[in-house]
Amino acid sequence: MKYGFFLLAVLSGWAAFPPPAHAMHIADGILPMKWAAFWYLLAIPAVAMGLRTYRRESERSLRFRSLAGLVGAAVFVVSCMPIPIPFTGTCSHPTGTGLAAILLGPWLTAAISSIALLLQALFLAHGGLTTLGGNIVSMGIVGACSGYGIFRAARWAGLSLFASAFLAGMLSDWATYATTSAELALALHGDGSVLSLFLAVLAAFVPTQLPLGIMEGFVTAYALRFLSERWPEFPFAREIRHERANVLSKVFLALLVIAGLSIVAYAKGYVGVDDKVIGKFAADAGKEPSPSLLSLEGDLGLFVFLIAGAVGGFACGYFYRSLSSKKEDKAGKDV
Amino acid sequence: MFELFSDIYAGRGNRFTRMDARAKLFAAAITLAAVIAAPGPALPFVVWALCVIALLSIRIQTKMIALRMAPALSMAAVLLVLNMFMLGTTPVAHLGIGVWRLAVMKEGLNQGIQLGARVMGATGVLIFLGFTTPAHRLFQALRWYGAPESWVELALSVYRQIFTLIDAASDMYAAQRVRLGYADARRAVVSAGVLAGSVLLRSMEQAARTHEAMLARGYAGNTVMGPLPQMAKADAAVAILWAAAVLSALGVVLKMGL
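Residues numbered from 1 in each chain as written. Chains lettered and ligands numbered in written order. Predicted model: local features only at pLDDT ≥ 70, side-chain atom pairs only at ≥ 80, totals over all residues.

Caption draft 1: Structural view of the overall build of chain B. When its secondary structure is counted, chain B shows nine helices and two strands. For chain B, the α and β elements follow one another from N to C terminus as α-α-α-α-β-β-α-α-α-α-α. Relative to the compact-globule value of 18 Å for 258 residues, chain B shows a C-alpha radius of gyration of 23 Å, a clear excess of over 25%. Overall, the C-alpha framework of chain B stretches about 70 × 60 × 35 Å when taken along its three principal axes. Out of the 258 residues belonging to chain B, those deemed buried represent 41%. Here the analysis covers contacts within chain B between residues at least 6 apart in sequence; of these, 72% occur between residues at least 24 apart. (Helix = DSSP H or I, 4+ residues; strand = E, 2+ residues; numbered from the N terminus. Rg over C-alpha atoms; globule rule 2.2 N^0.38 Å. Buried ≥ 20, exposed ≤ 12 C-beta atoms within 10 Å, placed from the backbone. Contact = placed C-beta atoms within 7 Å.)

Caption draft 2: Molecular detail of the interface of chain B and chain A. Chain B puts 77 residues into the contact, and the matching count from chain A is 76 residues. For the side of chain B that touches chain A, the secondary-structure elements that each account for two or more residues are α1 (2–5), α2 (21–37), α4 (62–86), β2 (100–105), α5 (106–132), α7 (149–178) and α8 (185–216) of chain B. No other element matches the 21 residues that α8 of chain B contributes to the side of chain B that touches chain A. Here the side of chain B that touches chain A is composed, by residue class, of 55 nonpolar, 17 polar and five charged. (Nonpolar A, V, L, I, M, F, W, Y, C, P; charged D, E, K, R; others polar.)

Caption draft 3: Here's a closer look at the nonpolar core. Ranked by internal contacts, the top residues of the largest apolar core, which has 159 residues, are V71 and A111 of chain A together with V125 and V158 of chain B. Apart from residues no more than four positions distant in its own chain, A111 of chain A is found in contact with V47, G50, L51 and Y54 of chain A together with W151 and L154 of chain B. (Core = buried A, V, L, I, M, F, W, Y, C linked by C-beta atoms within 7 Å.)

Caption draft 4: Structural detail: the confidence of the model for chain B. Residues at a pLDDT of 70 or more form 93% of chain B, whose mean pLDDT is 83. Interface confidence for the predicted complex, given as ipTM, is 0.82, next to a pTM of 0.74. (pLDDT = per-residue confidence, 0-100.)

Caption draft 5: Spotlight on α7 of chain B. Residue and element names in this part refer to chain B. End to end, α7 covers 44 Å across 30 residues, agreeing with the expected 44 Å (1.5 Å per residue, within 8%). Of all the bends in α7, the greatest measures close to 30 degrees and is centred on I162. Considered for burial, the residues of α7 that qualify are W151, V152, E153, L154, A155, S157, V158, Y159, Q161, I162, L165 and A169. Backbone geometry just after α7 places L180 at a positive phi near 60 degrees. (Expected span 1.5 Å × (residues − 1). Bend = angle between axes of the 7 residues up to and from the residue.)

Quick look at the structure:
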């Protein structure tokens, strides 16, 4: 029973988001008054910072006004594009905020997201007015900041434009959904545990959003590569206020390290999925734990684990080429 | 997509579209607050029913109303399912899925129904506003209520260009489809990336052209929105009466716990 709801959450998530799935935004009326107000209060400073950037850059160049508006419109259109999700048989849409953050910076993306979300709420009933603050926080702030920070960090680490954009697109999408799940869990847990509801909501999003995140990563990467080939002089890494961006990426990296260390510290007391989940079901079914068919303990186990990872990584890397390279026939012609 | 998104219905002439946007925004804000403050499903259901009746009375198609409500209702359905199995301690029914037996809890079911009703009520208000108010009037009303000028200017700029880009994206998408650009998953991803890049590139080229055209027409950094007409007394009275009625109804349901 305890773990059944995870299965149920996955199934309900699978069944309840028909094509095209518009599961991104929290619908109007879901958040209680105090949480709606709280997320609004959190969103307003970020949007204000975005508007400050907009005004400052507009004073430097009037052209920036139309550029910001048009990139905002393009992001809106991109976020309405249906993308097929192969594993679920449904369609969904990218967030576009990772891409926008790379192009315009995270704060201006937050301001643009507030507009896109308001328009989507009013004319597509996608999101809502009372949940606008929560949706701005998840998509416009967390999605944009994580996408931008990851992109900057990946470029700083020497990754290619394609790989950096892929990571930014994928992780900003997942970060958006994780934040949406957290917002829902915080608001709706009632007398129950916030963590268990958070995990259940997250599990409900997984069937569509896990592959969608990967898809969004590829879409962001291909879009940015296309742009860099066609318009090489465009400032991808947001040259405006370059020094502040560096500070931001360092802060983001520090936060990532702290989050990672916190997870490691928390996970010390974690039993593991074998004992916690499979063992529980086995015990419920009256089955006794039995030893592994192939027992690899100690360093040997670690070594085999390493080899398995290396082989898997090689296979992924080898076949990854087929995603981007053109096939050629024997005469050397593109097929 | 175009028909679903655009505010073409708000361009029609009827009693609701003619009403002042500031009055509608005020009434909508009060109604939304009442819907999410209601302790039970009664008030949200009534609000939803009234919004749908109002929309049907101005000949908005049922299919269009259902389409706009669908995303919100799908999320409400997931939350209903999660709530009724996860929250509470009083089982009212049992459900078997494979080897799992899941108990439907009374408290969770009640909360799920309340949540669903709130979503329906609030989304009803939202689609009423969307079907009866053009975007530029809404942004003007928001400016009147104190939204920052730069935000309104950016919003109008974004809104103006969306339709051009939807048109361009639709044409490119159709061209990609007939060339089998979405025949399999790999091609679909590459095509979607190229489409996103093309839309962005086109938007930037369009930005340059628009900027030059605006400069030629004397653009100096301020978007002229035009003044809002003085609010009609009848509109203000309707909005105030509606708000009073909704708040009274909220008082009643709070007292009765409905």
